[in-house]
There are 2 protein chains.
Amino acid sequence: MTTATPQPQAGAEPPGPGAGRPRAAVMEDVAALAGVSAMTVSRVLNTPAKVAPKTRERVLSAMRELDYRPNSAARVLATGRSGVLGVVSLDTTLYGPACTLYGIERAARSAEYVITIASLGELNRRSIEDGVERLRAQSVDGVVIIAPHRSAAEGLRRLPPDLPVVVVGAGDDLTVPVAAVDQRAGAVRAVRHLLSLGHETVWHLAGPADWVDADGRVEGWRAVLEGEGRDVPPLLSGDWSARSGYEQGRVLAADPAVTAVFAANDPMALGLLRALREAGRRVPEEVSVVGFDDVPEAPYFAPPLTSVRQPFGEVGRHAFQLVLERVGGGGGGGAPPGGPPARRTVEPELVVRESTAVRRGAR
Amino acid sequence: MTTATPQPQAGAEPPGPGAGRPRAAVMEDVAALAGVSAMTVSRVLNTPAKVAPKTRERVLSAMRELDYRPNSAARVLATGRSGVLGVVSLDTTLYGPACTLYGIERAARSAEYVITIASLGELNRRSIEDGVERLRAQSVDGVVIIAPHRSAAEGLRRLPPDLPVVVVGAGDDLTVPVAAVDQRAGAVRAVRHLLSLGHETVWHLAGPADWVDADGRVEGWRAVLEGEGRDVPPLLSGDWSARSGYEQGRVLAADPAVTAVFAANDPMALGLLRALREAGRRVPEEVSVVGFDDVPEAPYFAPPLTSVRQPFGEVGRHAFQLVLERVGGGGGGGAPPGGPPARRTVEPELVVRESTAVRRGAR
DNA sequence: TGCCCTGATGTTTGCGCTAACGCGATCGGC
DNA sequence: GCCGATCGCGTTAGCGCAAACATCAGGGCA
């Protein structure tokens, strides 16, 4: 007799004989059991300080007894806040995105947020807008976009202005806040390291042309070489995969002038190592190789790979932080008043292992 | 004057001078513009066939004009269905979980579902229950648990019975449906392959003892050896990491009797390869190695790794399918009437590369 | 003693949507 | 030409919760 709503399954009569489980308890039920009004129950949940300790205890124990769980949909409807953060990402199987996602998730968890993901089959304006839209339809409070892609950046320009959005690892010409690793600095360190070992110059095996991360690394590489007055060898590009590293590596291996290579990520470096090995060129005696990412397996490559470690977890944390600030503070407004949008950058770190060595007969 | 609700930000008067954006359109607005009732708008969204084509068109164009987006929270509240699927997973950074997650996500997307994830810091009864609880608080329609861990399995026994749950890769003594790779079959193939190359027996570098996947591989390995009347060497275990593979590999490398090793995953195989190399034992000439997972980099290891490919994407798809069946059909009533819960298994595949070869002087 | 103020609790209302039903109009069959 | 069966759409009534305002008790202070 309680409410007699047209709940489809399971009879609703309280003292019914068999009949399925007795519908989950709602706030009203708790209130009745505790002898208070529903509003007081709500207060116990949201502003416990405003409820007398004794009452609060009574309500809490009623909740326990009924195994009450607040209905999030109802709360969202009433408050306009969902406590859900959306993440749009390209292929979450890749090491970088996966780690970033994980970082975001951990940060979100400790702030009582939950995240929902929309991964993209391909990366372009359409798919990004589509991903954001899918999340928006779920009333997320904000969105983090992991899409370090040039063409993606365009899609970002026409985002819904009423939704806090933060981008991970994009270029710096955007109107949205960005959390990123300083790719340029990482590349600089890698190249400086190689030059300091006596190499005349450094080849670069870059990532796909329209990835902003790849661009940053190319820039850093070129800047150091030019700054030191070295030759800038022709650029080779792969697609991040070990396979592409192998293919380009065969080209490099055939050129005896090549003594130092900076690969834009670890899988490509791995492919490169194999190509060098097959060509009979020893690493690091004849050729030094530096990777980027420092995947957990890098220390076990043949030889153990010198690499630039990216603190993806940190980036994820920053990204979450940025969204949170926008959700809470700015009331959903885009950039903070005046000035360009926030940009949080973290520094990568060079980890030296055995794939780099002093150039034979240097100096 | 439309509704004059206490919306915090932005004045609500229609012809107000400055004042922020004009509140998102709701169903009533669309209805008004199209000259119909809100219910008809709702029908256009949910049962378009029941609306006259002409009316439907009018409504649709009104939606477009107002940039209307249905409010999911309200819909959830009214229907009890959220269209959200929860995924509880250990460290989504690991290759297996990441791929499975991705598979689930793709399957979900094509079914108009969205997924939210709760990753776990550690894996035990408490954390699993906690993860499920966190998701449940978000009114998910169902949950997939990626937790191939013995101790996890216990946590599964006392899941809320009113929530459709599917487990990925768990043991077979559960009361919930399972989607999994047939680990045993994969191990059998790996070991058979090695025996067929003339090796007297096969060592096994296993995963952590309480992982069900690890167990399955151990079982398959042991079964083949015993079935063929071979010696069963002592078992070595790692923790899935390349580092542990390296450490255990040093032990194996020191034993000249070892000519064939089956590693329980690729990173451990990688570490093992390094240990063998450092010990001066050549692969595959002196020692053959097989991995498990077939990560994308495996073909570029030194030497390219023979491995057992796990179709994680498939598993993800099956897992999603299983939940969906439970959400739609069973009305959330746990296992299907009679018989044990469903179990969907996919077969892994052996990919032969250059880390395995005929035993020197065999037969 | 009377007043206002504070703190604890209750009442009302509405968030945006959809299930269930109702009612008029159209339609085919005999 | 009448009747029941559609079809198309509107009306009503909640889903469970929280914001705003209302209420009521007690206590300090003049």
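Residues take numbers from 1 onward in each chain, read along the sequence in its written order. Whichever chain is written first is A, and whichever ligand is written first is 1; the rest continue in order. In keeping with the predicted nature of the model, local features appear solely for residues at pLDDT of at least 70, side-chain atom pairs appear and are counted solely at 80 or more, and the whole-chain, interface and lining totals rest on all residues. The side-chain quantities take in all heavy atoms of the structure and omit both hydrogens and water.

An unreviewed UniProt entry lists chain A under the name LacI family DNA-binding transcriptional regulator, with Actinomadura fibrosa as the source organism.

Draft legend 1. Quick look at helix H5 (residues 95-110) of chain B. Residues and elements named next belong to chain B. Runs of H or I in DSSP of at least four residues are treated as helices and runs of E of at least two as strands, each being numbered from the N terminus. Multiplying 1.5 Å by the helix residue count minus one yields the expected span of that helix. In a regular helix each residue adds 1.5 Å, so 16 residues correspond to 22 Å; H5 covers 23 Å between its end C-alpha atoms and thus fits that length. Burial runs high along H5: 12 of the 16 residues are buried. For H5, every residue scored as buried is listed here: Gly-96, Pro-97, Ala-98, Cys-99, Thr-100, Leu-101, Tyr-102, Gly-103, Ile-104, Glu-105, Ala-107 and Ala-108. Glu-112 lies just past H5 and shows a positive phi near 65°. Classification of residues uses two cut-offs on accessible area relative to the type maximum, computed with a 1.4 Å probe and protein chains only: under 20% is buried, over 50% is exposed, and between them is partly exposed.

Draft legend 2. Representation of the interface of chain A and chain B. Contacts are residue-level and defined by heavy atoms, with any inter-residue pair within 4.5 Å sufficient. On the chain B side, the residues contacting the 50 residues of chain A number 51 residues. Accessible-area loss on putting two parts together, using a 1.4 Å probe and summing over both, is the definition of buried area adopted here. Note on chain A versus chain B: buried area summed over both sides is about 4,300 Å², and carbon and sulfur give 55% of it. Whenever Lys or Arg places a side-chain nitrogen within 4 Å of a carboxyl oxygen from Asp or Glu, that contact is recorded as a salt bridge. Taken together, the links from chain A to chain B amount to six salt bridges. The salt bridge involving B:Arg69 is made with A:Glu133; its shortest N-O contact spans 2.1 Å.

Draft legend 3. Representation of empty space enclosed by the protein. For each structure, a 1 Å grid was placed over the protein atoms alone; sets of points admitting a 1.4 Å probe that cannot get out are labelled cavities, open sets with protein on both sides within 12 Å along at least five of seven lines are labelled pockets, and lining residues have an atom within 4 Å of a point. Grid points are joined across faces, edges and corners, and a volume is the space filled by probe spheres set on the points. Under the criterion given, the structure shown has two cavities of 30 Å³ or more. If you add up the space inside the largest cavity, you get close to 230 Å³. The set of elements that each furnish at least two residues to the lining of the largest cavity consists of helix H4 (72-79) of chain A together with helix H4 (72-79) of chain B. The classification used treats Ala, Val, Leu, Ile, Met, Phe, Trp, Tyr, Cys and Pro as nonpolar, Asp, Glu, Lys and Arg as charged, and all other residues, Gly among them, as polar. A breakdown of the residues in the lining of the largest cavity according to their chemical character gives six nonpolar, 10 polar and no charged.

Draft legend 4. How the structure looks around the relation of the copies chain A and chain B. A residue counts toward the fit only if its pLDDT is at least 70 in both copies, and the copies are then superposed by least squares on the C-alpha atoms of those residues. In screw terms, the move from chain A to chain B is a rotation of 180° and a rise of 0.0 Å along the axis, fitting with an RMSD of 0.0 Å. What we have between these two chains is a two-fold relation. Proximity to the rotation axis, assessed at the C-alpha, singles out A:Thr116 in chain A; its C-alpha lies 1.9 Å from the axis. Looking at the interface residues of chain A, 100% of them are also at the interface in chain B, so both copies use one shared face.

Draft legend 5. A look at the nonpolar core. A:Val261, A:Val289, B:Val261 and B:Val289 are the most contacted members of the largest nonpolar core, which totals 60 residues. Ignoring sequence-local partners within four residues, the contact set of A:Val261 consists of A:Leu194, A:Val202, A:Trp203, A:Leu205, A:Leu252, A:Leu272, A:Val287, A:Ser288, A:Val289 and A:Val290. To form a nonpolar core, buried Ala, Val, Leu, Ile, Met, Phe, Trp, Tyr and Cys residues must be joined to one another through side-chain atoms within 4.5 Å.

Draft legend 6. Local environment of the sheet that holds strand E5 (residues 178-181) of chain B. Only when DSSP finds a minimum of two bridges between them are two strands counted as paired. Ordered in space as E11(A)-E5(A)-E4(A)-E3(A)-E1(A)-E2(A)-E2(B)-E1(B)-E3(B)-E4(B)-E5(B)-E11(B), the 12 strands form an open sheet in which the pairing is mixed. Looking along the sheet, the strands with just one partner apiece sit at the ends: strand E11 (343-346) of chain A together with strand E11 (343-346) of chain B. Strand-to-strand twist of the sheet, defined as the mean angle between neighbouring strand axes without regard to direction, takes the value 20°. Two elements, strand E1 (residues 84-90) of chain A and strand E3 (residues 142-146) of chain A, share five bridges in a ladder whose sense is parallel. Note on E3(A): the bridge partner recorded for A:Leu85 is A:Gly142. Lines fitted to C-alpha atoms define the axes, with helix axes restricted to the stretch in contact, and inter-axis angles between N-to-C directions lie between 0 and 180 degrees. Packing against the sheet, H5(B) makes contact with strand E2 (114-120) of chain A together with strand E1 (84-90), strand E2 (114-120), strand E3 (142-146) and strand E4 (165-168) of chain B, and its axis sits at approximately 80° to E2(A).

Draft legend 7. Geometry of unusual backbone geometry. Residues and elements named next belong to chain A. A cis geometry characterises the amide bond from Val-283 onward to Pro-284, with omega recorded as 5°. Relative to the elements of secondary structure, Pro-284 occurs in the loop between helix H11 (266-278) and strand E9 (288-293). Even without glycine at this site, Asp-67 takes up a positive phi of about 55°. Along the polypeptide, Asp-67 turns up in the loop between helix H3 (53-66) and H4. Judged by relative accessible area, which is 48%, Asp-67 ranks as partly exposed. For Trp-240, which is not glycine, the phi dihedral falls at a positive 85°.

Draft legend 8. Inspection of the sheet that holds E9(A) at higher detail. Residue and element names in this part refer to chain A. Taking strand neighbours across the sheet as the criterion, the six strands line up as E7-E6-E8-E9-E10-E12 in an open arrangement whose pairing is mixed. The open sheet terminates on both sides in strands that have one partner only, identified here as strand E7 (236-237) and strand E12 (349-351). Relative to strand E8 (residues 260-263), strand E6 (residues 203-206) runs parallel, the two being bridged by three bridges. Counted as the bridge partner of Leu-205 is Ala-263 from E8. The strands touched by H11 are E6, E8, E9 and strand E10 (306-309); relative to E9, the strand with the most contacts, the crossing angle is about 160°.

Draft legend 9. Region of interest: the confidence of the model for chain A. Residue and element names in this part refer to chain A. For chain A, the mean per-residue pLDDT works out to 87, and 88% of the residues sit at or above 70. Within the model, the stretch residues 1-20 combines pLDDT values under 50 with eight contacts to residues more than four positions away or in other chains. Across residues 331-336, confidence stays below pLDDT 50; counting only partners more than four residues off in sequence or on other chains, it has 17 contacts. Confidence scores here are pLDDT values: one per residue, from the predictor, ranging 0 to 100.

Draft legend 10. Representation of the side chain of B:Asn265. All names here are of chain B. Structurally, the position occupied by Asn-265 is in the loop between strand E8 (260-263) and helix H11 (266-278). Polar side-chain contacts of Asn-265 include one of 3.0 Å to the backbone oxygen of Trp-240. The residues contacting Asn-265, other than those within four sequence positions of it, are Arg-217, Trp-240, Gly-291, Phe-292 and Asp-293. We call two N or O atoms a polar contact when they sit within 3.5 Å, provided that within protein one can donate a hydrogen and the other can accept it, with sequence-adjacent residues counted only if both atoms are side-chain atoms.

Draft legend 11. The pattern of salt bridges, seen in detail. Tallied over the full model, the rule gives 42 salt bridges over all chains. Between B:Glu354 and A:Arg274 there is a salt bridge, with its nearest N and O atoms 3.9 Å apart. On the criterion of chain membership, the pair formed by B:Glu354 in the segment after strand E12 (349-351) and A:Arg274 in helix H11 is interchain, its members lying in two chains. Overall, the relative accessible area of 12% leaves A:Arg274 in the buried class. With a closest N to O distance of 3.9 Å, B:Arg136 and B:Glu133 form a salt bridge. With B:Arg136 and B:Glu133 both in helix H6 (residues 125-136) and three residues apart, the pair spans about one turn of that helix. B:Glu133 sits in the partly exposed class, given a relative accessible area of 31%. Each of A:Asp67, A:Arg69, B:Glu133 and B:Arg136 takes part in salt bridges that share partners, so that together they form one network.

Draft legend 12. Region of interest: the packing of aromatic side chains. Within 6.5 Å between ring centres, the rings of Phe, Tyr and Trp (the latter by its six-membered ring) count as paired, and their orientation is classed by plane angle as stacked under 30 degrees, edge-to-face over 60, tilted in between. Tallied over the full model, the rule gives 10 aromatic pairs over all chains. When the ring of A:Tyr95 is compared with that of A:Phe312, the centres are 5.9 Å apart and the planes differ by 80°; the resulting orientation is edge-to-face. With A:Tyr95 in helix H5 (residues 95-110) and A:Phe312 in helix H12 (residues 312-328), this residue pair connects regions lying 217 residues apart in the sequence. Overall, the relative accessible area of 11% leaves A:Phe312 in the buried class. Look at A:Tyr300 and B:Tyr246: their rings are 5.6 Å apart centre to centre, the planes differ by 50°, and that puts the pair in the tilted class. With A:Tyr300 in the loop between E9 and E10 and B:Tyr246 in helix H10 (residues 242-253), the pair connects residues from two separate chains. By relative accessible area, which is 7% here, A:Tyr300 ends up buried. Whether a charge sits over a ring depends on NZ of Lys or CZ of Arg being within 6 Å of the ring centre and within 35 degrees of the ring normal. Between the NZ or CZ atom of A:Arg274 and the centre of the ring of A:Tyr246, over which it lies, the distance is 4.6 Å.

Draft legend 13. Examining the packing of H5(B) against helix H12 (residues 312-328) of chain B more closely. All names here are of chain B. Running from amino to carboxyl end, H5 crosses H12 at an angle of 50°, the nearest separation of the two axes being 7 Å. One element, H5, and the other, H12, form an angle in the oblique class. For H5 against H12, the interelement crossing comes out right-handed. Across from Tyr-95, Gly-96, Cys-99, Thr-100, Gly-103, Ile-104, Arg-106, Ala-107 and Ala-108 in H5, the residues of H12 making contact are Phe-312, Gly-313, Val-315, Gly-316, Arg-317 and Phe-320. Residue classes in the contact of H5 with H12 are distributed as eight nonpolar, five polar and two charged. Each angle receives one of four descriptions, namely roughly parallel if under 35 degrees, roughly antiparallel if over 145, roughly perpendicular if within 65 to 115, and oblique otherwise. Left-handed is the label given to a crossing in which the near helix is rotated counterclockwise from the far helix by less than a right angle, and right-handed is the label when the rotation is clockwise.

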